[in-house]
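Topology and contacts: notes
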Amino acid sequence: MSERPKLAAIVPAPNNIPIIDLSKLSEGDRDGIMQLKTACEEWGFFQVVSRGIGPSVVENITNVAKDFIKLPLEEKEKYPMAPGNQKLDWCNMFALGVEPPCIRNLKLWPLKPAHFGETLEVYSREIRKLCKDLLWYIAVSLGLKGDVFEEMFGVAVQAVRMNYYPPCSRPDLVLGLSPHSDGSAITVLQQGKGSSVGLQILKDRKWVSVQPIPIPNALVINIGDTIEVPTNYNGRYKSVEHRAVTQMEQDRLSIVTFYSPRYEVELGRYNHGDYTKHYVSDKLQDKRTLEFAKMEPEIST
Ligand SMILES: O=C(O)CCC(=O)C(=O)O
Ligand SMILES: [Fe+2]
């Protein structure tokens, strides 16, 4: 019951989450860096525009995902997720959200090369470049050397999760995805062409909808637990809780990339691999995983 979205209580954002124009951002651009800093401190979320993830790349991955959704259940069942999937092969997965008649039914399928192959690779390569740049600027905005996270994280791990939310006749009763924070360093969310509102973030203890901006290929970025852990003392960047709601008429697809440290990297009391095992369950739980990893600051800013 406590998970019901209570749509009436949702307050529209007075001003939507910040928009960062990456084509204008550079290390010496104090205003731009300040804007990024404010976005990370006050929102933990921002949207990025003017970044060359080619429209065809986005279109291709969306089409492949939609083709997978359309497969009959028996066909999809041929690719089950390993039971109790605590191994790290959860990495590339597909989550089917709420199914009519609105029973929460989160099923996970691995993104098998048979369906997603090269399309996913091309997409992930583009996202990787973006994440590297973003982490550089995020470090700079904290007054740190640009490569600090790259040094700390080693060769980053990327995991893609696609969430599909079919239309739901009672979106006021069932959530698409429960409130959680991401275990990543940063997360890149592609809302999909013609996407309806679905993502909500907890801002000043209220749920605020992230309006997809009518700019082609805009991406939603959020700070994950792994940036919060080393920077959180002294009120630094927060990994903000978010959730997804469903719509009565329209379905929705989100393509989400989690960009994370190498699994061996020690962060707090856990290495990132253990952290991920703890984090990855089909039940997303607020920010509980983060409590496990709380630590003394590793970076002082
Ligand atoms: O579908 C969305 O908008 C949210 C997805 C999400 O938060 C996640 O997959 O971690
Ligand atoms: Fe998330």
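Predicted model, so just to flag it, every value in this text is computed and none were measured. (Residues numbered from 1 in each chain as written. Chains lettered and ligands numbered in written order. Predicted model: local features only at pLDDT ≥ 70, side-chain atom pairs only at ≥ 80, totals over all residues. Heavy atoms only, no water.)

Things to note about the sheet that holds strand β6 (residues 175-180)
Strands sit in the order β6-β11-β8-β9 across an open sheet of four strands; the sheet is antiparallel. Across the chains shown, the open sheet's two edge strands, defined by having one partner strand only, are β6 and β9 (206-209). When strand polarity is set aside, the average angle formed by the axes of neighbouring strands in this sheet is 25°. Where strand β8 (residues 199-203) meets β9, four bridges bridge the pair, whose relative direction is antiparallel. (Pairing = 2+ DSSP bridges. Helix = DSSP H or I, 4+ residues; strand = E, 2+ residues; numbered from the N terminus. Axes fitted to C-alpha atoms, helices over the stretch in contact; angles between N-to-C directions.)

Observations regarding the coordination of the iron ion (ligand 2)
Bound to the iron ion (ligand 2) on the protein side are H180 (NE2), D182 (OD) and H242 (NE2), at distances that span 2.1 to 2.2 Å. For the iron ion (ligand 2), all donor residues lie on one chain, and their spacing in sequence is H-x1-D-x59-H. Pair check on accessibility: H180 and D182 agree, each one buried. (Donors = N, O, S within 2.8 Å, 3.2 Å for Na, K, Ca; no water. Buried < 20%, exposed > 50% of the residue type's maximum accessible area, 1.4 Å probe, protein only.)

Looking at the site of ligand 1
Contacts to ligand 1 come from 13 residues, most closely from N163, Y165, H242, R252 and S254. One of the side-chain nitrogen or oxygen atoms of Y165 is found 2.6 Å away from an oxygen atom of ligand 1. At a separation of 3.3 Å, an oxygen atom of ligand 1 approaches a polar side-chain atom of D182. Its free accessible area being 300 Å², ligand 1 has 98% of it covered by the protein chains. At the level of elements, β5 (157-165), β6 and β12 (252-260) are the ones that each hand at least two residues to the shell around ligand 1. Residues of the shell around ligand 1, tallied by class, amount to six nonpolar, four polar and three charged. (Near = heavy atom within 4 Å. Polar contact = N/O pair within 3.5 Å; in protein donor to acceptor, adjacent residues only side chain to side chain. Areas by Shrake-Rupley, 256 points an atom, 1.4 Å probe, with all protein chains shown as cover. Nonpolar A, V, L, I, M, F, W, Y, C, P; charged D, E, K, R; others polar.)

Topic: helix α2 (residues 55-70)
Here α2 contains 16 residues, and its C-alpha end-to-end distance of 22 Å stays within 8% of the 22 Å for a straight helix at 1.5 Å per residue. Those residues of α2 lying buried are V57, V58, I61, T62, V64, A65, F68 and I69. Mapping the buried residues of α2 onto a view down its axis gives an arc of 160°, with all of them on the same face. Those residues of α2 that are exposed and aimed more than 90 degrees away from the buried face are P55 and K70. (Expected span 1.5 Å × (residues − 1). Arc of directions from axis to C-beta.)

Considering the environment of T38
Considering the arrangement of structural elements, one finds T38 in helix α1 (residues 30-43). With 103 residues separating them along the chain, T38 and S141 place their C-alpha atoms 9.2 Å apart.

A look at the nonpolar core
Within the largest apolar cluster, 49 residues are counted, with the highest numbers of intra-cluster contacts made by F46, I138, M162, I186 and I221. The element contributing the most residues to this core is helix α4 (residues 113-141), with 12 residues. Not counting chain neighbours up to four residues away, the residues in contact with I221 comprise G44, F45, F46, V48, L130, L134, I186, T187 and V188. I17, F45, V256 and F258 belong to the second-largest nonpolar core, a separate cluster that totals 13 residues. (Core = buried A, V, L, I, M, F, W, Y, C linked by side-chain atoms within 4.5 Å. Contact = heavy atoms within 4.5 Å.)

As for unusual backbone geometry
Positioned with a positive phi, D204 is a non-glycine residue whose angle comes to about 50°. With a phi close to 65°, R205 is a non-glycine residue in the positive phi region. Turning to its location among the elements, R205 is positioned in the loop between β8 and β9. On the basis of relative accessibility, which here comes to 80%, the residue R205 falls in the exposed class.

Let's talk about the pairing of β8
Burial analysis of β8 places four of its five residues in the buried class, the great majority of the element. With three bridges connecting them, β8 and strand β11 (residues 242-245) associate as antiparallel partners. Among the inter-strand pairings, Q200 is bridged to a residue of β11, identified as R243. Hairpin connection, β8 to β9: the antiparallel pair is bridged by two residues, and D204 has positive phi, about 50°.

Remarks on α1
For α1, built from 14 residues, the straight-helix expectation of 20 Å at 1.5 Å per residue is met to within 8% by its first-to-last C-alpha distance of 19 Å. Where α1 is concerned, the buried positions are G32, I33, L36, K37, A39, C40 and W43. Positioned one or two residues after α1, G44 has a phi angle of 75°, which is positive.

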